[in-house]
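Working through the structure, step by step
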Amino acid sequence: MGVIEAVINEEDFLVEANKAKELGNKAFKDEDWDEAIEQYTKAIDLAPDGCKEKSVYYKNRAAAYLKLEEYKRTVLDCDLALDITPNDPKALFRRCQAYEFLGKIDKAYGDAKLIHNLNPKDKSIEPMLVRLHKAVQAKMDEMSQTANKVQSMFDIVFNIEADSEKREKAADNLIVLSRERAGAELLFKHGIIQQITRLLKVEKDMKIRLSCVRVLGELSKKSDERAKLILTEAGVTFFLSALNCKHEEMVNAVEYAIQCLLDSISRFDLVKKWMEKRKDQKRMTNEERKQMRKDEELRDVLMKENAKELNAIMHVITFNVVSRTLTGMGRDSLLNLIIANCSWDKMRWAEKMLKSDAYNRLMEVASELSHYKHESAMEITDSTNTIAGICFGHLYDQMWDDEMRNKLIEKIDEFTKEALMDPSLESKVRITVAVTTLLKHAPDLGNSQLTKDGFLQMLLAMAQSDVYIEQLVASEALIAATAKKKDASAIINQGMDILKTLYKSKNDHIKVRALVGMCKLGASGGHDASIRPLADGSSEKLAEACRRFLVNPAKDRDLRKWAAEGLAFLTLDADVKEKLVDDEPAIKALIDLGRTGGQDCMYGVVTTLVNLTNSYDKQEISEEMIQLAKFAKHHIPQEHELDDPDFVDKRIFTLCQYGATSALVALSKTDSKNMKELIARVINAFCKHAELRGLVVQQGGSKALIPVALEGTDKGKRAAASALSRIGITQDPTIAFPGQRSCDVVRPIASLLKDDCTSLENFEALMALGNLATVNESTRGRMMKESDVVMSIENYMYEDHPMLKRAAVQCYLNLCQSPIQVTRAEGNNDKVKYLVLLCGDPDDPEVVKAAAGSLAMLTSQSSKVCKKVFDSTQWEECFLNLLANTDYEITFRGVVVIKNMTEAGKEIADRLYDTKITEVLQALIMKAKLDEGNFEKNELLQKIRPVCEASLEAAYKLNVIKKYAEAVKEDEEDEKLEEWAHHPGSKKNSNPAQLEPYNKGCAN
């Protein structure tokens, strides 16, 4: 059988592209901007490369983007059109409009001038040209005034003899100026970099030094040219010198400035804008994918061009991380910079560092002890060892294949072999500490060294030594080595007697470590109540020993940290959980330890809280699997009776009321994604209870959850988002999420509107988003601009689940306050039609109420929406359902819709009043009049009456209906009036004065 191949030449593609363009034009005329963009995009994809028609498609799509207020995309499409047909007036005009909306007045003025020069006879551009000229002139005047201010600020700040308070204030003003584009340019012209570098050599006022460093950080943002100039004139050593201090704010400011330099020189902004979209590439258009690839390729080119500067920064940082003259805080900052820039989408340092001795230097840092100083020791903080371990964990995660991972392990092997060859005490201690650090935070790397011949035996030998420091580090290493169950069983066989011997030591530091080792071995059975590695009652005795260390104020922080870690293992036992949570002094001591924010105590505090609240993952085991396990004689895990929900809830309430959230907030400032996940789990456990959510907000939980929900493990982000949505349901969003935070929380909460989330998570997210939509227009705007957010909300309006459907419609109601939502409803879609149908929902009055409220808001803002009501063939039945509803809340919303539609014009009013609606409105007025005689008036019914009267009055003014007397006079020759407008003398209406004086007139 032959194969027939269809050959489509470029002309055929162009024909199809033009068809798509025509469909786009039609959609554009119908004001369906989304459909227009889709068709123009299709035309662009079909059109052959180099085809001039492509310019038209780009221009047309730019016009649609302009209507949707997506000005950056408008500029991009106009640029692409101008690449094909330079000086095209339409493309220039649309780009000019977009630039003006973006606040880039000078660029807008440039385009307007070019249009005018191309066609001087065209008078239509002149008003815009005049307006932009005035704006540019005003900007230049402002810059001139700013220049004078800059000079006066320079005269104050850089004059050491000037008043200190004035200098500090002027320095703060320089920061504000540096954040503005025009201000940054003026500062550069005035030689700000040279001035700052000279000043910091002699300046002693820490506030002024801090402001100067922040100015450099702000100046380097969003400008690679400025960043390179700062790097050239100031140099990396200048920043290292500023970093070498014990002032936390200064260290943070210098770290931020260095990161700004790296991001600007490497043009990280080119890939940052795609990071969120890359997570769900199915939603990306072909054009977006192409643009993303172009941006990535452009960044690769720029990084190669700037490789000298970028590599210089990396080498200086990795070289100085072991500097013996650097402060501990400065060292932590350098480690944080390595963590931030090791990934492939940042600076790719993880791979580049394999070509230098950087990993060897990091192992040196990991081998340091804060409480014991060798001759060659460097200054570290209590958190340095933990940060170094986390750094290795991040670096190992960036090794994308076995070959890369093996290269990293070889680097670690080199350090280990060199250390083991040196028989000195310092060398043995260093390698033990380094491997312990890896075992804690990068277990795969640590296990690669632990399994080396003789290493475990060396640890056991050191633990039995009489030398204090050997016992100390060996006991820590044995604790870290029992991370895996097989290692724990091996050490139970070999090391339990050694740990018991160490526990008898008179030195508390040895004793507490031996205690933690026994705790960890005793907890190797996990949550399974049927597995008891140690004798019954041993866990409680160990917990009591840990408690004594924890609550004793005379004990130093290191001892309390280890006591907390011991409890982290022992609280896997439900008996220990119950005893601990009833021990107020112990719980408060644990929380106080967490409030210090030290990363070295983070594991013990957070893990203990996870165990106490049962926030860990639980494996769901079906009855069928249990029966199969019994048949196969396999072990079946058993849950302790003290882990029943009632006991867990009691523990949760106790911990939250003691202030556990404040400890978790202090510890959340970590780079460890796993720790962030555990913190989110505990706070989410608190937030399951509505009574505790206020305490969580009060103690800063809502603020700490947002960064965790945006960046971390998938489970961590989900737990944080769930906690945020629960807070958003019952707490005032203006208090829980003040300022910009109300916008930042939208995307995390909306991430729960997915099929792989539970129905409860979907419901809570919809409820929270509904509350957030009431905050302000900025928050609603964020929800609108995140198209997947608003689309997900609308999709849930079609759900079969009644609670999800209700929550979605209520959320939609609050979004209708936004003019953006009005524009969406006006488009070529069935949104209004579906709202009308929901007004007739027979099952859920809350859905009817929300749908009616949505229509009331939309019709009050748009006559187009009023017309679209008639798209539904059942609009009359649905409206009568509103007006005749027994719930006056629903009725009130219905009469507001009628009023809005009446005021939209005669054409709409004619169709509206050519139904039974006139009689129903009159009946409602009569009902309200009768209600006036009641002792307790119905307030809602009294609110309904003036709206009905206003509707009828508006219809009368439009000549849609007539007053009763006018109708009678006009029809006096008729033998019988219509049923709804009886003659005054008829038996059916013996008291005509009680009727409203309106009657439907004949339509003209």
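Considerations on the overall build of the protein chain
Across its full length, the protein chain holds 57 helices and two strands. The burial tally for the protein chain puts 53% of its 1004 residues in the buried class. Residue pairs in contact within the protein chain that sit at least 24 positions apart in sequence constitute 70% of those at least 6 positions apart.

Quick notes on the confidence of the model for the protein chain
Of all residues in the protein chain, 88% attain a pLDDT of 70 or more, and the chain-wide mean is 83. Low pLDDT, under 50, characterises residues 980-996; the stretch is placed with 24 contacts to residues that sit more than four places away or in other chains.

Digging into the pattern of salt bridges
A complete count under the given rule lists 53 salt bridges for this structure. Among the salt bridges present, the one from Arg167 reaches Glu203, with a minimum N-O distance of 2.5 Å. Of this pair, Arg167 sits in helix α8 (residues 164-178) while Glu203 is found in the loop between α10 (192-199) and α11 (206-220), placing the two residues 36 residues apart along the sequence. In this structure, Lys246 and Glu379 form a salt bridge, with 3.7 Å as the shortest nitrogen-oxygen distance. On the criterion of sequence distance, the pair formed by Lys246 in the loop between α13 (236-243) and α14 (248-265) and Glu379 in the loop between α20 (358-366) and α21 (384-397) is long-range, its members being 133 residues apart. One salt-bridge network, in which partners are shared between bridges, spans Glu476, Arg513, Asp558 and Lys561.

Brief notes about helix α16 (residues 286-305)
Taking 1.5 Å per residue as the helical rise, α16 with its 20 residues ought to reach 28 Å, and the 29 Å between its terminal C-alpha atoms agrees with that figure. Those residues of α16 that are buried are in contact with α2 (33-46), α3 (53-67), α4 (71-84), α15 (269-278), α17 (307-320) and α19 (349-352).

Considerations on the packing of helix α53 (residues 888-902) against helix α56 (residues 939-957)
Close contact between α53 and α56 brings their axes to 9 Å; oriented N to C, the two are set at 20°. In terms of axis orientation, α53 runs roughly parallel to α56. Considering the relative orientation of α53 and α56, their crossing is left-handed. Of the residues in α56, those touching α53 at Tyr888, Glu889, Thr891, Phe892, Val895, Val896, Ile898, Lys899 and Thr902 are Leu940, Leu941, Lys943, Ile944, Val947, Cys948, Ala950, Ser951, Ala954 and Ala955. In the contact of α53 with α56, the residues fall into 13 nonpolar, three polar and three charged.

Calculation criteria
Within each chain, residue numbers correspond to sequence positions counted from 1 in written order. Only residues with pLDDT of at least 70 are given local features in this predicted model, and only at 80 or more are side-chain atom pairs given and counted; all residues enter the totals for whole chains, interfaces and linings. As a rule here, side-chain values come from all non-hydrogen atoms in the structure, and water together with hydrogens is ignored. Note on conventions: DSSP H or I runs of at least 4 residues are helices, E runs of at least 2 residues are strands, and numbering of each starts at the N terminus. For every residue, the accessible area (1.4 Å probe, protein chains only) is compared with the maximum for its type, and the residue is labelled buried under 20%, exposed over 50%, or partly exposed between those bounds. The criterion used for residue contact is that any of the two residues' heavy atoms lie within 4.5 Å. Predictor confidence is given residue by residue as pLDDT, running from a minimum of 0 to a maximum of 100. Between Lys or Arg on one side and Asp or Glu on the other, a salt bridge is scored when a side-chain nitrogen of the former is within 4 Å of a carboxyl oxygen of the latter. In a helix, the anticipated span is given by 1.5 Å times the number of residues less one. Fitted lines through C-alpha atoms give the axes, limited to the stretch in contact for helices. The angle between two N-to-C directions lies from 0 to 180 degrees. Roughly parallel means an angle under 35 degrees; roughly antiparallel, over 145; roughly perpendicular, 65 to 115; everything else is oblique. What makes a crossing left-handed is the near helix being turned counterclockwise from the far one by less than a right angle; a clockwise turn instead makes it right-handed. Note on residue classes: Ala, Val, Leu, Ile, Met, Phe, Trp, Tyr, Cys and Pro are nonpolar, Asp, Glu, Lys and Arg are charged, and everything else, Gly too, is polar.

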